[in-house]
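Tertiary structure, described
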Amino acid sequence: MTDAASHDPPGPLAPARARMHELAARYAQTLPGLDTHSLMAGLDGVTLNFMPMGERDGAYDPEHRVILINSQVRPERQRFTLAHEISHALLLQDDDLLSDLHDLFEGERLEGAIETLCNVGAAAILMPDALITELLARFGPSGRALAELIRRAEVSASTALYALAGRTEAPVIYAVCAVTRLDEETPGDDEGRPAGRALTVRVSGAAPGAKYSLRPGTPIPENHPVAVALDTQIPLAQASYIPFRSGRRMPAYVDAFPERRRVLVSFALQTRPAKDPA
Ligand SMILES: [Zn+2]
């Protein structure tokens, strides 16, 4: 598994994803809370064990009714894995969903579909619809809303970003930007920057209404509000632009919320079709 909720475009798996989301959301509603032990409260007779597991994040053993979690990975990853393994258990209890999946896929594709669905389930458990609705109502589709979702749901930035993007109606692109060492980065920074470090897009995701995407590794120019927010550690919201890797600058309202060494950003596209600034 990965710790990012998968965000593929609609396909043959779309109805199963919707069903899994519903299953997991309903499970989460019955829980006394969303801390580790509360998360297990809805699974009768299943035990939870933390242990070193090498490369694996976790596993669910339906025969012995036990969930194993790798104790050697960071806590937010353990938490997502736990919700993912719970989703495996929920999926195994749903004969209709299982038989639909077996009709659609086989072999490795079936396994891949199941893993994708369990990531969908994990996201639905950890980030209840009501929480996302509340944050969008309070903060709008903003970098601040993304920061709050990461904090309140205790999930990774990418997990929160995909969930928030999926629920945002306005044409918005979200991004997490951070300083990267250039030698770790993909080649292609030809802006004459001093070797060493640059502020780049780490992860990005667009709401369904935004028809653009921002590639990971895209550099943020020094005077852009995202760079200023990182330098000053003060949130900034202003009309600016999306710095596409091609060099194109598309007008957008930028909301940049700095958190120590990263900046959580939303780029709201203009809803009225502007003339192409070519
Ligand atoms: Zn799995």
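Residues numbered from 1 in each chain as written. Predicted model: local features only at pLDDT ≥ 70, side-chain atom pairs only at ≥ 80, totals over all residues.

An unreviewed UniProt entry lists the chain under the name Radiation response metalloprotease IrrE, with Deinococcus aerophilus as the source organism.

So, the packing of helix H3 (residues 75-92) against helix H5 (residues 107-126)
The cut-off we apply is this: Only C-alpha atoms enter the line fits that serve as axes; for helices the fit covers just the stretch in contact. Angles between N-to-C directions range over 0 to 180 degrees. Helix and strand assignments follow DSSP, with helices taken as H or I runs no shorter than four residues and strands as E runs no shorter than two, numbered in order from the N terminus. For any pair of crossing helices, the crossing counts as left-handed if the nearer helix is rotated counterclockwise from the farther one by less than a right angle, and right-handed if it is rotated clockwise. Our contact criterion uses C-beta atoms placed from the backbone: two residues qualify when those atoms are within 7 Å. In this classification, Asp, Glu, Lys and Arg are treated as charged, Ala, Val, Leu, Ile, Met, Phe, Trp, Tyr, Cys and Pro as nonpolar, and every other residue, Gly included, as polar.
Where H3 meets H5, the closest approach of the two axes is 7 Å, and the angle between their N-to-C directions is 115°. Considering only the axes of H3 and H5, their crossing is right-handed. Contact residues: Arg79, Phe80, Ala83, His84, Ile86, Ser87, His88, Leu90 and Leu91 in H3; Ile114, Leu117, Cys118, Asn119, Gly121, Ala122, Ile125 and Leu126 in H5. Tallied by class, residues from the contact of H3 with H5 come to 11 nonpolar, five polar and one charged.

Looking at the environment of Ala147
Within the secondary structure, Ala147 is located in helix H7 (residues 143-153). In contact with Ala147, other than residues within four places in its own chain, are Phe257, Glu259 and Leu264.

What about the sheet that holds strand E2 (residues 58-61)?
Selection criterion: Strands are treated as partners if at least two bridges between them are detected by DSSP.
If you walk across this open sheet you meet the three strands as E1-E3-E2, and the pairing is mixed. The outermost strands of the open sheet, each flanked by one partner alone, are strand E1 (47-51) and E2. Pairwise comparison of adjacent strand axes, ignoring direction, gives a mean angle of 15° for this sheet. As judged from the four bridges shared by E2 and strand E3 (residues 66-70), these two strands associate in the antiparallel manner. Looking at E3, one finds that Tyr60 is bridged to Ile67. Seen against the sheet, H3 touches E2 and E3 and runs at an angle of roughly 25° to E2.

Some points on unusual backbone geometry
For the record, the criterion: Partly exposed residues are those whose C-beta has more than 12 but fewer than 20 other C-beta atoms within 10 Å; 20 or more makes a residue buried and 12 or fewer makes it exposed, with C-beta atoms placed from the backbone.
Unlike most non-glycine residues, Arg65 shows phi in positive territory, near 50°. Relative to the assigned elements, Arg65 resides in the loop between E2 and E3. Look at Arg65 and you get partly exposed, because 13 C-beta atoms sit within 10 Å. For Gln233, which is not a glycine, the phi torsion comes out positive at approximately 60°. Within the fold, Gln233 resides in the loop between helix H9 (225-232) and strand E6 (236-243).

Things to note about the sheet that holds strand E5 (residues 197-206)
As summarised here, the arrangement of the five strands in space is E5-E4-E8-E7-E6, forming an open sheet in which the pairing is antiparallel. Of all the strands in the sheet, the pair left with one neighbour each is E5 and E6. Pairs of neighbouring strands in the sheet enclose a mean axial angle of 35°, with direction left out of account. Bridge count for strand E7 (residues 249-259) against strand E8 (residues 262-269) is eight bridges, and the pairing is antiparallel. By the bridge assignment, Ala252 is partnered in E8 with Leu269. Sheet strands touched by H9: strand E4 (172-181), E5, E6, E7 and E8. Its angle to E7, the strand with the most contacts, is close to 15°.

So, the pairing of E1
Burial runs low along E1: only zero of the five residues are buried. Judged from the five bridges that link them, E1 and E3 form a sheet pairing that is parallel. In the strand pairing of E3, Leu48 is matched with Ile67.

A few points about the pairing of E8
Across the eight residues of E8, seven count as buried, placing the element largely inside the fold. Alignment of E4 against E8, held across seven bridges, turns out to be antiparallel. Opposite Val176, over in E8, you have Leu264 as the bridge partner. From the end of E7 to the start of E8, which pair antiparallel, there are two residues, and Arg260 there has a positive phi angle of about 50°.

As for the environment of Glu169
Along the chain, Glu169 turns up in the loop between helix H8 (157-167) and E4. Residue classification places Glu169 among the exposed residues on the basis of 10 C-beta atoms within 10 Å. As for Glu169 and Pro208, which are separated by 39 residues in sequence, their C-alpha atoms are 7.2 Å apart. Those residues in contact with Glu169 that lie beyond four places of it in its chain are Ala207 and Gly209.

Some thoughts on H3
How we decide: Expected span, for any helix, means 1.5 Å times one less than how many residues it has.
The terminal C-alpha atoms of H3, which comprises 18 residues, lie 26 Å apart, in line with the 26 Å expected from a rise of 1.5 Å per residue. When you tally the buried positions in H3, you get 13 out of 18 residues, the bulk of the element.

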